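Listed below are the residues making up each chain.
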Amino acid sequence: MNTNVRPESMQRITTKALADTFIAEQIKLIKEQVGDKKVLLALSGGVDSSVVAALLIKAIGKQLVCVHVNHGLMRKGESEQVIEIFKKGLDANLIYIDATDRFLNLLKDVSEPERKRKIIGAEFIEVFNEEAKKLESVDFLAQGTIYPDILESDGVKAHHNVGGLPEDMKLELVEPIKLLYKDEVRVVGKALGLPEEMVDRQPFPGPGLGVRCLGAITRDRLHALREADAILREEFKICGLSKKVWQYFIAVPDMKSVGVKNDKRYEGWPAIIRAVNTVDAMSATIEEIPYEILHKITNRITNEVEGINRVLLDLTPKPIGTIEWE
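Not measured: the values here are computed from a predicted model. Think of each chain on its own: its residues are numbered from 1, step by step along the sequence as written. Where totals are concerned, whole chains, interfaces and linings use all residues; where local detail is concerned, this predicted model gives features only for residues with pLDDT of at least 70, and gives and counts side-chain atom pairs only at 80 or more. Calculated side-chain values reflect all of the structure's heavy atoms, with hydrogen atoms and water omitted.

Undergrad: How would you explain the packing of helix α2 (residues 47–60) against helix α7 (residues 182–191) if you had to name every residue and give the values?
TA: Relative to each other, α2 and α7 sit at 40°, their axes nearing to 10 Å. Taken together, the axis directions place α2 and α7 in an arrangement best described as oblique. Judged by the twist between their axes, the crossing of α2 over α7 is left-handed. Of α7, the residues touching α2 (which contributes V47, D48 and V51) are K182, V185, R186, V188 and G189. Amino acids are sorted into nonpolar (Ala, Val, Leu, Ile, Met, Phe, Trp, Tyr, Cys and Pro), charged (Asp, Glu, Lys and Arg) and polar (every other residue, Gly among them). For the contact of α2 with α7, the class distribution of residues is 4 nonpolar, 1 polar and 3 charged. Structural elements are reduced to axes, namely lines fitted to C-alpha atoms, with helices fitted over the stretch in contact, and the angle between N-to-C directions of any two is expressed from 0 to 180 degrees. Numbered from the N terminus, helices here are DSSP runs of H or I no shorter than four residues, and strands are runs of E no shorter than two. For this classification, under 35 degrees means roughly parallel, over 145 means roughly antiparallel, 65 to 115 means roughly perpendicular, and everything else is oblique. Handedness of a crossing is defined here by the sense of rotation of the near helix relative to the far one, left-handed for an anticlockwise turn of less than a right angle and right-handed for a clockwise turn. Contacts were defined at the residue level, with two residues in contact if any of their heavy atoms lie within 4.5 Å.

Undergrad: Go over helix α10 (residues 291–304) with me, naming the residues and quoting the values.
TA: Compared with the 20 Å implied by 1.5 Å per residue over 14 residues, the 20 Å span of α10 between its first and last C-alpha is a close match. For every residue, the accessible area obtained with a 1.4 Å probe (protein chains only) is divided by the maximum for its type, and the residue is called buried under 20%, exposed over 50%, and partly exposed between those limits. Among the residues of α10, I293, L294, I297, R300 and I301 are the ones counted as buried. Down the axis of α10, the sector holding all buried residues measures 135°, keeping them to one side. Along α10, the residues that are exposed and aim more than 90 degrees away from the buried face are Y291, E292, H295 and N303. On its buried face, α10 sits against α9 (219–239), β6 (247–251), β8 (264–277) and β10 (308–313). Each helix should span, by expectation, one fewer than its residue count multiplied by 1.5 Å. Read the arc as the range of directions from the helix axis to the C-beta atoms.

Undergrad: So, the side chain of R6: which residues are in play, and what are the values?
TA: Within the fold, R6 resides in the segment before α1 (16–34). In protein, a polar contact requires one atom able to donate a hydrogen and another able to accept it; more generally it is a pair of N or O atoms within 3.5 Å, and residues adjacent in sequence count only if both atoms are side-chain atoms. Polar side-chain contacts of R6 include one of 2.8 Å to the side chain of E184. For R6, the contacting residues outside a window of four places in its chain are Q11, R12, Y147, L179, L180, Y181 and E184.

Undergrad: Would you mind going over the packing of helix α4 (residues 100–107) against helix α5 (residues 113–134) in detail, with residue names and values included?
TA: Closest axis-to-axis distance for the α4/α5 pair is 10 Å, and the angle between their directions is 145°. Crossing angle aside, the handedness with which α4 passes α5 is right-handed. In this structure, α4 contributes R102, F103, L106 and L107 to the contact, and α5 contributes K116, I119, I120, E123, F124, E126, V127 and E130. The residue makeup of the contact of α4 with α5, split by class, is 7 nonpolar, no polar and 5 charged.

Undergrad: Account for the sheet that holds strand β2 (residues 64–70), naming residues and giving values.
TA: Strand order in the open sheet formed by 5 strands is β3-β2-β1-β4-β5, and the pairing between neighbours is parallel. Both outer strands of the open sheet, β3 (94–98) and β5 (172–174), are each paired with one neighbouring strand and no more. With direction set aside, neighbouring strand axes in the sheet form an average angle of 30°. With 5 bridges connecting them, β2 and β3 associate as parallel partners. If you follow V69 over to β3, its bridge partner there is I97. Contacting β2 and β3, helix α3 (residues 78–89) crosses the sheet at an angle of about 170° to β3. What makes two strands pair is DSSP finding at least two bridges between them.

Quick look at the structure:
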């Protein structure tokens, strides 16, 4: 039996009652698999890894060791939020690692999207492997793999959660939500009692801003992307779009165009807005953003973010375009 294939008989998790049943089943399976051993979890703070963390904490408590790696590709204020919610709020056994230089040095001059994803994914695994060696009796690695990750890993894009484990890694995988779609993961998260800001948080790819800073990543362009993305998120929250749009972000390509700033010629990057709605991440429609909001966002980004002189809007649905640019 292929455990990576969702059975046709599996009911969609749409209610708290169904989520409670799923949670009880997974807690039982986790306990059977893990026993009294420790589990290492790659905790990004996104919906998927957060739900996995909550499930594991409920099942095995302090046997779970959460590791949050700041790879330098996080959104603005994101690592600080993870520490606040998990360490202080949920009393998680959390280890924080700032590996910014380590990741960005490996990614220097790398422009091919799949190579970037694989470098980031492999380095994540290496970091966790190193942490496992520092701890006693860690035999398992938990991952927030969900069903679209498995489906799309075959020919669409590589995922750091799917495959690629080094042969010398002695950790067995724990993937309790791997047969769930994103909307189901949210239902399960709410049933687990996770805070709204965590469960309803928009999806964020494992490679983070690494696949939104298009082409070879530079620190200045990455910084501009992070600041522009923070403005977009702030304005969407103010106008209420943050609760209406499934996923929204900025992508910044490795190209410049001429502009004018302070009456002088000014070359800068374009910031591309992407805002989509979807149920299962397998297809997506475009959110229609009112022009007055777009004008405000454009004005703020071009005036507040050094290095960006244009703002563009991506109107491509999925298919034919993927949700992420890379």
